[in-house]
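# Analysis of the macromolecular model
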Amino acid sequence: MKKKALITGITGQDGSYLAEFLLKKGYSVHGMVRRVAAEDESHRFWRLRHIKKSLNIHAGSLESYASVINIVTKIKPNEIYHLGAQSYIDYAFKDEFSTINTNINGTHFLLSAIKEFSPKTKFYFAGSSEMFGKVREVPQNEKTPFYPRSVYGISKVAGFDLTRNYREAYKLFCCSGILFNHESPRRGFEFVTRKITHAVARIKFGLQKDLQLGNIDAKRDWGHAKDYVEAMWLMLNRKKPEDYVISTGKHYTVRDFAKLAFKLVDLDYKKFVKVEKKLYRPSEVESLLGNCSKAKRELKWKPKYDFKKLVEDMVKADLEFVEKEGY
Ligand code: NAP
Ligand code: F7E
């Protein structure tokens, strides 16, 4: 019998790559999407269009325990990948309450539903390097203490602790990936890497004059989403549930990213990037750098994309996108 996987957040960047990855592995792939998205296929399913026919989509709400129970009991999946979350940090500062509600309750409801109705289901929680926030050591590993700097980070620490507690108290197979930033041509336009590569393409085609950015000295350990979804699967397919840092082990500034992206189309970023104080965050995470040696050792995982290949992939895709779509 085919293994069944349920992905929350299947319409997002990681959800779409993971769905592709699991279909190739022969899984029956189920996705939970909010009703507004299910009813707005042409806009909300742009990342899944090419595989949509092979997926089983279920409308449901992460904010409703009844809805979560319904889906878990109906599917009784072998594996749940819980990726659904309000994941944009600028927005988290603007709407703290819904970020906290969706991110913490969604995780809690799923864990509780597994415990009560499907205790053999394995559970993956999408933890984040944002949990390290104002970092306590460099580089960060699984033992580094957390110091979140936004309600998003706080919600992820709560999800991480809930996942660990369900593992210890109820002996469920549940674990967290502590994933550092990962990007791709499918990244949402609001995140800085996609904002840059999209602007680079628009500027090249004469559709935009400049690019406004906030703190360009912030440093991130950027990997490719395609590499990172494989690590999620590896975590659920080993004997023991444990938590893993997933990162590249190298970090760069936003300025470095912009410099390379503009250079790839023979432009000088200094002529186009305008730093705007209004785009700074109330409390910034200045620098993140991951140490993923545990994942390398135990999962035999390592990233295939480095920084240069990532930026090249995103710039190339956005040049094609702008040429085709005209915006
Ligand atoms: P993403 O592209 O923003 O996708 C988020 C997904 O969550 C979308 O499918 C979205 O559905 C869904 N969602 C948002 N709010 C929701 C709500 N109120 N109820 C139900 N679903 C909701 O994020 P991603 O980059 O793929 O990241 C996947 C997960 O990994 C997230 O939990 C994120 O916090 C975490 N993470 C990401 C990174 C990274 O660098 N990408 C790093 C560490 C951790 P709609 O399509 O309906 O909006
Ligand atoms: O910002 C700076 C900004 O929004 C990166 C999410 O996937 O990764 C992501 O969160 C850095 C920050 O990602 C702009 O201040 C400068 O220092 O692309 P971002 P993020 O906040 O790191 C983590 C791991 C997650 O878990 C999250 O879900 O870039 N920055 N100027 C800017 N950022 C944005 N968005 N826009 C700017 O104009």
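The model shown is predicted, which means the values in this text are computed figures rather than measured ones.

### Quick notes on the state of the cysteines
Scanning the model with the defined rule gives zero disulfides in all. Not part of a disulfide, C174 finds its nearest cysteine sulfur in C175, a span of 7.5 Å.

### Concerning the environment of I7
Structurally, the position occupied by I7 is in strand β1 (residues 4-8). Through-space distance from the C-alpha of I7 to that of I57 is 9.7 Å; in sequence the pair is 50 residues apart. Setting aside anything within four residues of it in sequence, one finds I7 in contact with G15, L18, A19, L22, V29, H30, G31, M32, Y81 and L83.

### Describing the nonpolar core
One broad trend across soluble globular proteins is that nonpolar side chains are buried collectively. In terms of nonpolar packing, the biggest core is built from 68 residues, with I7, L22, Y81, Y124, M235, I246 and W301 touching the most fellow members. The element that contributes the greatest number of residues to this core is helix α9 (residues 225-236), accounting for nine residues. Excluding its chain neighbours within four sequence positions, the residues that come into contact with Y124 are I80, Y81, H82, L83, C175, S176, G177, L179, M232, M235 and L236. Core analysis: the next-biggest nonpolar cluster, separate from the first, contains 24 residues, I203, L260, F262 and M314 among them.

### Looking at the pattern of salt bridges
Following the criterion strictly, the structure yields 23 salt bridges and no others. The shortest N-O distance in the salt bridge between R238 and E242 comes to 3.7 Å. For E242, a relative accessible area of 18% puts it in the buried group. A salt bridge links E276 to K278; the nearest nitrogen and oxygen atoms lie 3.9 Å apart. On the basis of relative accessible area, E276 is assigned to the partly exposed category, the value being 24%. Residues joined by salt bridges that share partners form a network here, namely R238, K240, E242, K294, R297 and E298.

Quick notes on the rules
- Residues numbered from 1 in each chain as written.
- Chains lettered and ligands numbered in written order.
- Predicted model: local features only at pLDDT ≥ 70, side-chain atom pairs only at ≥ 80, totals over all residues.
- Heavy atoms only, no water.
- Disulfide = S-S within 2.5 Å.
- Helix = DSSP H or I, 4+ residues; strand = E, 2+ residues; numbered from the N terminus.
- Contact = heavy atoms within 4.5 Å.
- Core = buried A, V, L, I, M, F, W, Y, C linked by side-chain atoms within 4.5 Å.
- Buried < 20%, exposed > 50% of the residue type's maximum accessible area, 1.4 Å probe, protein only.
- Salt bridge = Lys/Arg side-chain N within 4 Å of Asp/Glu carboxyl O.

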